[in-house]
Amino acid sequence: MTKDVIVCRCEGTTLEEIATIAAEYQCSAREVKLRTRAGMGYCGGRTCRGFIDYIVSHHSNHQELTLHHRPPVRPIPFALFREVNDE
Amino acid sequence: MVDLLIIGAGPAGLAASIEAASRNLSVTIIDEFTTPGGRLLGQLHEEEKDVWWNGVEEAHTLHEKAQENGVELLLETSVYKIQQEDVYWSTHTSAGIYHSKALLIATGATEQSLPLPGWTLPGVMSIGAAQVMTNVRHVKPGEKGIIIGLNALSFAISRELRLCNIDLEGFFLPPDHFLTTDQAKPLSVLNNLMTLSHLAPMNWMRLGGKIANNNRWIQKQTLSFYPKRGINIWQTPVHVRKAVTSINGSTQVESVTVVDLRADGTMIEGSEENLEVDFVCISGGLAPLTELIGLTDLKLIAIESLGGYVPVHFEDMRTEVTDLYVAGNITGIESAKVARAQGVVAGISACIHSFNLRNDDALEIAMEKVRKERAEAKLQFHPEIEKGRTLLYSEKGEVQYG
Ligand SMILES: Cc1cc2nc3c(=O)[nH]c(=O)nc-3n(C[C@H](O)[C@H](O)[C@H](O)COP(=O)(O)OP(=O)(O)OC[C@H]3O[C@@H](n4cnc5c(N)ncnc54)[C@H](O)[C@@H]3O)c2cc1C
């Protein structure tokens, strides 16, 4: 079943892929995202973010809670993106 | 630069704006939806016999009052970043940057999902999306649907769909896997349903709840004798021993595969059957929408009865961050009336704590009103909500997360 359960809808990443990577690398949710692209799609992880954190916290010993968000918290046009990065 | 900027025009944000503006603050509300009211816009339920809660009317009333008091409302505008500068807040939106001395975040709740094979097919939606399509957009989500997930929210919305003559196959459990946990276990689902026994039409549950509370033997018996065709709630069959294992279709939803479960939740081999439906509603519960809080230094604390992580705050809706306030479902999942009452508190509180308004008894009265609405709430999302609030607002709670 876990093979057929897509967790990140934007990138099509499955429960099995995320759990496997978390277990293999014993890494943070952020690293799992970078390795699998889960949560990195168009919506910015709005649907799956909590799931990814949950899967990683149970399959990896890495003790870091990623409750911090980074702007932008909504998809925005590139013109606005420049301004976000002008800090 | 305005005095108070509010993110979210739901019952909490609108109520807060009225209080603050009527005390002479300049107030702007920003919301990304096309219409003010937030989740009120989809709500229609019968609180007592023949007494209806009509969210659209409520939204209209609040919006009018806000306008009368000179509140400025910016719609179809998304906030994607907030930042505290020296003495003011900047709020970055799709329509530019706004500055304010005080900031109130009233972004409400977000729905939780229950992933399962086929849930990415067109025709699968969250239960809240079905509510918006039906009650806000007046579009029928399909000819025949099925609901996955049994909870206060899916029951309330099923009734609204029924009132629009939408055909529903029934309520089913999600498949049991790592991410569906308790929501896929017949016994915990049944227990949870019993705690919803305050919902008027579910007499059998109220009875069952009284007898069965904390008695596992009776609970198991109830499960063993649970009728195969389900028990109807507002004309929709509720199945606590059937799960949907996949949603099927080539380019859109055509059917679901359901399987019978034993009382312990294991599948009965060979019981699979396909049910024809053209839409599927998934209801995994609600959680506070805290993404903007995650951009600030404010701490989040996990309290299950409040729906997950909530920003640490005081009962008067102040936070430990100067000039930052929260109100409504972002502080915990509760009904619209509670959110509205919390908004009143936040509006008054901002006047007192950020603008030196004299602290008369208005604030205490408003806080008392929140407690009253909470105690009398007809729609409760978690049976232990009061406990969660006490933990958060008591000295003890502060020590725990401080
Ligand atoms: C699907 C669903 C169904 C519900 N059904 C019921 C029900 O039937 N009865 C009931 O009593 N309660 C229901 N609730 C609970 C509901 O949350 C409360 O009733 C109440 O609406 C909460 O009020 P609020 O002001 O806190 O948030 P909301 O009413 O949710 O308003 C929040 C507003 O903030 C806006 N917003 C959020 N983030 C941003 C951003 N970044 N930029 C701009 N705007 C933003 C949203 O567009 C929204 O209009 C439901 C909740 C959901 C999610």
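What counts and what doesn't
- Residues numbered from 1 in each chain as written.
- Chains lettered and ligands numbered in written order.
- Predicted model: local features only at pLDDT ≥ 70, side-chain atom pairs only at ≥ 80, totals over all residues.
- Heavy atoms only, no water.
- Helix = DSSP H or I, 4+ residues; strand = E, 2+ residues; numbered from the N terminus.
- Buried < 20%, exposed > 50% of the residue type's maximum accessible area, 1.4 Å probe, protein only.
- Contact = heavy atoms within 4.5 Å.
- Areas by Shrake-Rupley, 256 points an atom, 1.4 Å probe, with all protein chains shown as cover.
- Near = heavy atom within 4 Å.
- Polar contact = N/O pair within 3.5 Å; in protein donor to acceptor, adjacent residues only side chain to side chain.
- Nonpolar A, V, L, I, M, F, W, Y, C, P; charged D, E, K, R; others polar.
- Axes fitted to C-alpha atoms, helices over the stretch in contact; angles between N-to-C directions.
- Parallel < 35°, antiparallel > 145°, perpendicular 65-115°, else oblique.
- Left-handed = near helix turned anticlockwise from the far one by under 90°.
- Buried area = accessible area lost by both parts, 1.4 Å probe.
- Salt bridge = Lys/Arg side-chain N within 4 Å of Asp/Glu carboxyl O.
- Phe/Tyr/Trp six-rings, centres within 6.5 Å; stacked < 30°, edge-to-face > 60°.
- Lys NZ or Arg CZ within 6 Å of the ring centre and 35° of its normal.
- pLDDT = per-residue confidence, 0-100.
- Expected span 1.5 Å × (residues − 1).
- Arc of directions from axis to C-beta.

Some remarks on the overall build of chain A
Step number 1: Helix and strand counts for chain A stand at four helices and two strands.
Step number 2: Taken from the N to the C terminus, the helices and strands of chain A come in the order β-β-α-α-α-α.
Step number 3: A buried classification covers 40% of the 87 residues belonging to chain A.
Step number 4: Across chain A, every contact between residues at least 6 apart in sequence was considered, and the portion connecting residues at least 24 apart equals 50%.
Step number 5: Counting only carbon and sulfur atoms, one obtains 51% of the accessible surface of chain A, whose full area is about 5200 Å².

Describing the site of the ligand
Step number 1: The environment of the ligand is made up of 32 residues, and the closest members are D31, R39, H45, V79 and N329 of chain B.
Step number 2: Mapping the residues near the ligand onto chains gives chains A and B.
Step number 3: Between D31 of chain B and the ligand, the recorded distance is 2.5 Å, taken from a side-chain N or O atom to an oxygen atom.
Step number 4: Taken together, the residues of the shell around the ligand break down into twelve nonpolar, 14 polar and six charged.

Quick notes on the packing of helix α2 (residues 29–36) of chain A against helix α3 (residues 49–59) of chain A
Residue and element names in this part refer to chain A.
Step number 1: Remark: α2 packs on α3, axes separated minimally by 9 Å, with the N-to-C direction vectors making an angle of 110°. Accordingly, the angle class assigned to the pair α2 and α3 is roughly perpendicular. You can see that α2 and α3 cross each other, and the crossing is right-handed. Of α3, the residues touching α2 (which contributes A29, V32 and K33) are R49, I52, D53 and V56.
Step number 2: Per-class residue counts for the contact of α2 with α3 are four nonpolar, no polar and three charged.

Focus: the interface of chain B and chain A
Interfaces are frequently sized by the accessible area removed from exposure as the parts join.
Step number 1: In this complex, chain B contributes 29 residues to the contact, which on the side of chain A involves 28 residues.
Step number 2: With both sides pooled, the region where chain B packs onto chain A buries about 2600 Å², and carbon together with sulfur makes up 69% of that total.
Step number 3: For the chain B face of the interface with chain A, the top three residues by lost area are Y80, F178 and E291 of chain B, together amounting to 27%.
Step number 4: Inspection of the region where chain B meets chain A yields two salt bridges.
Step number 5: In this structure, E32 of chain B engages R74 of chain A in a salt bridge whose closest nitrogen and oxygen atoms are separated by 3.0 Å.
Step number 6: At the junction of chain B and chain A, the tally comes to six residue pairs in polar contact (both at pLDDT 80 or more).

Re the packing of aromatic side chains
Step number 1: Under the counting rule described, the total for this entry stands at two aromatic pairs over all chains.
Step number 2: With centroids separated by 5.2 Å and ring planes inclined at 40°, the aromatic side chains of Y54 of chain A and F178 of chain B adopt a geometry described as tilted. Residue Y54 of chain A is located in helix α3, and its partner F178 of chain B is located in the loop between β12 (167–173) and α5 (186–195); the two belong to separate chains.
Step number 3: Residue classification places Y54 of chain A among the partly exposed residues on the basis of a relative accessible area of 32%.
Step number 4: Given a relative accessible area of 26%, F178 of chain B falls into the partly exposed group.
Step number 5: Cation over ring: R9 of chain A sits above W119 of chain B, and NZ or CZ is 4.6 Å from the ring centre.
Step number 6: Above the face of the F355 of chain B ring, K101 of chain B is positioned so that its terminal group lies 6.0 Å from the ring centre.

Structural notes on the confidence of the model for chain B
All names here are of chain B.
Step number 1: Taken over all residues, the pLDDT of chain B has a mean of 91, while the share at 70 or more is 93%.
Step number 2: Confidence drops under a pLDDT of 50 for residues 396–402, and excluding neighbours within four residues, the segment shows ten contacts in the predicted structure.
Step number 3: Reported confidences for the modelled complex are a pTM of 0.93 and an ipTM of 0.89.

Overview of the environment of K220 of chain B
Step number 1: Inspection of the secondary structure assignment puts K220 of chain B in helix α7 (residues 216–224).
Step number 2: Sequence separation between K220 of chain B and L190 of chain B is 30 residues, and the spatial gap between their C-alpha atoms is 9.5 Å.

Considering helix α2 (residues 55–68) of chain B
Residue and element names in this part refer to chain B.
Step number 1: Between its terminal C-alpha atoms α2 stretches 20 Å, which fits the 20 Å expected from 14 residues at 1.5 Å a residue.
Step number 2: Every buried residue of α2 is listed here: G55, E58, A59, L62 and A66. Down the axis of α2, the buried side of the element spans an arc of 100°, and every buried residue falls inside it. Of the residues in α2, the exposed ones pointing more than 90 degrees away from the buried face are E57 and E68.
Step number 3: Check the buried side of α2 and you find it contacts α1 (11–22), β4 (51–54) and α8 (336–355).
Step number 4: For α2, the N-terminal capping position is held by N54, with its side-chain oxygen 3.1 Å away from the main-chain nitrogen of V56.
Step number 5: Directly beyond the C-terminal end of α2, a positive phi value near 85° is found at G70.

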